[in-house]
Amino acid sequence: MNNTCIGFILLVLVTSSYIFYEVVCSNHFFCTSSDILEDVRWDYQYSTRFRTGGNLSVSHRRTKPFSEKTLVRDYHFDINGDDVLVFLHIQKTGGTTFGKHLVNNMAMENPCKCFRGKKRCDCFRPGSSHSHWLFSRYSTGWSCGLHADWTELTSCVPQWMDQKEKLIKKRRYYYITMLRNPVSRYLSEWRHVQRGATWKNSKHMCDGKGTNELPVCYSGEDWKNVELKEFMACEYNLANNRQTRMLADLSIIGCYNMSFMSEQERNNKMLKSAKKNLRHMAYFGLTEYQKKSQFIFEKTFKLNFIDPFQQFNRTLAEQSPITNDERKQIEKLNQLDIELYSFSKKLFFQRYNKMKEIFSKQKSNWESSSSISSFSSVEDNELSSDDSHYV
């Protein structure tokens, strides 16, 4: 390929990235200029690999450190203004516990008001009885669908806010989520389905259309008492690569239409999109690293929690006796999630170390501070919490 063609491709990529920034980032506050430049470099690498028929294996992906602007999340969340936290709750990632932290454990002048016997809390801005600063299961309910994904939330939340507040205006949406080790998450979902969970009321909206006609893996009301072998055998099981799918822009792969493109192209594009969206998010935490996740959240938004996040040894799902062959099969079924999780851990730890470095410079005595000392002793080998909400 000559230099003219290469230059043209780069021009197209830069232009498309700029359009993405103007259209998407201006409405959803999770992009930076350095993110756009990183996307241009990644898009060029991706397009080159794809044209040559290569798979995007880990060895061909980003090896350099992330830019400082990507690592440092330094927002002053304005609860009195137009800022909104939007929690993308992926099944079995500890999201129930994290969601309760948001409504019950925030050190704010006007925290959410929760009432005995009610699942939802009132998370209104100071002096308002209708303006929400938090969009989540425990504040606004499943207003955009049960466990709505990135595709659903980004198209639904702004419209819902306008309708709920009866006011059309531009707000800053800070998207946040939690991720979990894919094998542990998969086993946890299997156990949850064994107990009768179906999530059959999920809308799976994409490109303005619902996809309730998705095939299911069971007959009858639920899939109670399903064995792991049967759970893994169903090709329609949405537990497979759930984290990648829920973080990707599904409109670029034809939503749930499996014949829209080849499986390889679909997987490559979905994984690439999930990584991009995760990097652009204002915040994400990892279930296996509770204290580090709390530290990053607090320094990102300048919002503190009253009680520290709890970290236990192991989840019940991780204690499920499975064979090596079963584990290998789970890993095969969740290869995209495994690659996404590897990517997220690199970004997470680089972000944690960078933000801790900055904070220590700003406050030289941070290690002796009672509110921070618990973070200084956190080891990198923290394991998943044994909280019942994670099982």
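Here, every reference points to the structure presented above.
Quick caveat, the model's predicted, so the values are computed rather than measured.

Enquirer: Before we move on, can you summarise the sheet that holds strand 4 (residues 134-135) with the specific residues and values?
Expert: Ordered by their spatial adjacency, four strands build an open sheet running 4-1-5-6, and the pairing between neighbours is parallel. The sheet is open, and its two borders are formed by strand 4 and strand 6 (283-286), each paired with just one other strand. Sheet analysis places strand 5 (residues 172-179) next to strand 6, joined by four bridges and oriented parallel. By the bridge assignment, Met178 is partnered in strand 6 with Gly285. Of the strands in this sheet, strand 1 (83-88), strand 4, strand 5 and strand 6 touch helix 4 (residues 95-104), which is tilted by about 160 degrees from strand 1.

Enquirer: Could you give me a rundown of the state of the cysteines, with the residues and numbers involved?
Expert: Taken as a whole and judged by the stated rule, the model has five disulfides. Sulfur-sulfur distance for the disulfide between Cys114 and Cys121 comes to 2.0 Å. Measuring handedness by torsion sign, the sulfur bridge of Cys114 and Cys121 sits at about 105 degrees and is right-handed. For Cys121, a relative accessible area of 6% puts it in the buried group.

Enquirer: Tell me about empty space enclosed by the protein, residues and numbers included.
Expert: To find leftover empty space, one rolls a probe the size of a water molecule over the atoms. For the structure shown, the criterion picks out two cavities of 30 Å³ or more. Its boundaries defined by the atoms lining it, the largest cavity holds a volume of some 90 Å³. Lining the largest cavity are 14 residues, with Phe87, Phe135, Trp142, Ala148 and Leu153 sitting closest to its centre. Partitioned by chemical class, the residues of the lining of the largest cavity number seven nonpolar, six polar and one charged.

Enquirer: How would you sum up unusual backbone geometry? Please name residues and give values.
Expert: We note that Lys92 has phi near 60 degrees; this positive angle belongs to a residue other than glycine. With respect to the helices and strands, the residue Lys92 is situated in the loop between strand 1 and helix 4. Even without glycine at this site, Lys302 takes up a positive phi of about 60 degrees. Along the polypeptide, Lys302 turns up in the loop between helix 10 (290-301) and helix 11 (324-333).

Enquirer: Quick one: what's the story with the nonpolar core, residue by residue and with numbers?
Expert: With 72 residues, the main nonpolar core has Phe297 and Phe301 as its most contacted residues. Per element, the largest residue contribution to this core is 10 residues, and it comes from helix 12 (residues 335-362). Among the nonpolar cores identified, the runner-up in size contains 18 residues, and Val193, Ala197, Trp223 and Phe231 belong to it.

How each quantity is defined
Residues numbered from 1 in each chain as written. Predicted model: local features only at pLDDT ≥ 70, side-chain atom pairs only at ≥ 80, totals over all residues. Heavy atoms only, no water. Pairing = 2+ DSSP bridges. Helix = DSSP H or I, 4+ residues; strand = E, 2+ residues; numbered from the N terminus. Contact = heavy atoms within 4.5 Å. Axes fitted to C-alpha atoms, helices over the stretch in contact; angles between N-to-C directions. Disulfide = S-S within 2.5 Å. Buried < 20%, exposed > 50% of the residue type's maximum accessible area, 1.4 Å probe, protein only. 1 Å grid on protein atoms, 1.4 Å probe; cavity = no way out; pocket = protein on both sides within 12 Å on 5 of 7 lines; lining within 4 Å. Points joined across faces, edges and corners; volume = space filled by probe spheres on them. Nonpolar A, V, L, I, M, F, W, Y, C, P; charged D, E, K, R; others polar. Core = buried A, V, L, I, M, F, W, Y, C linked by side-chain atoms within 4.5 Å.

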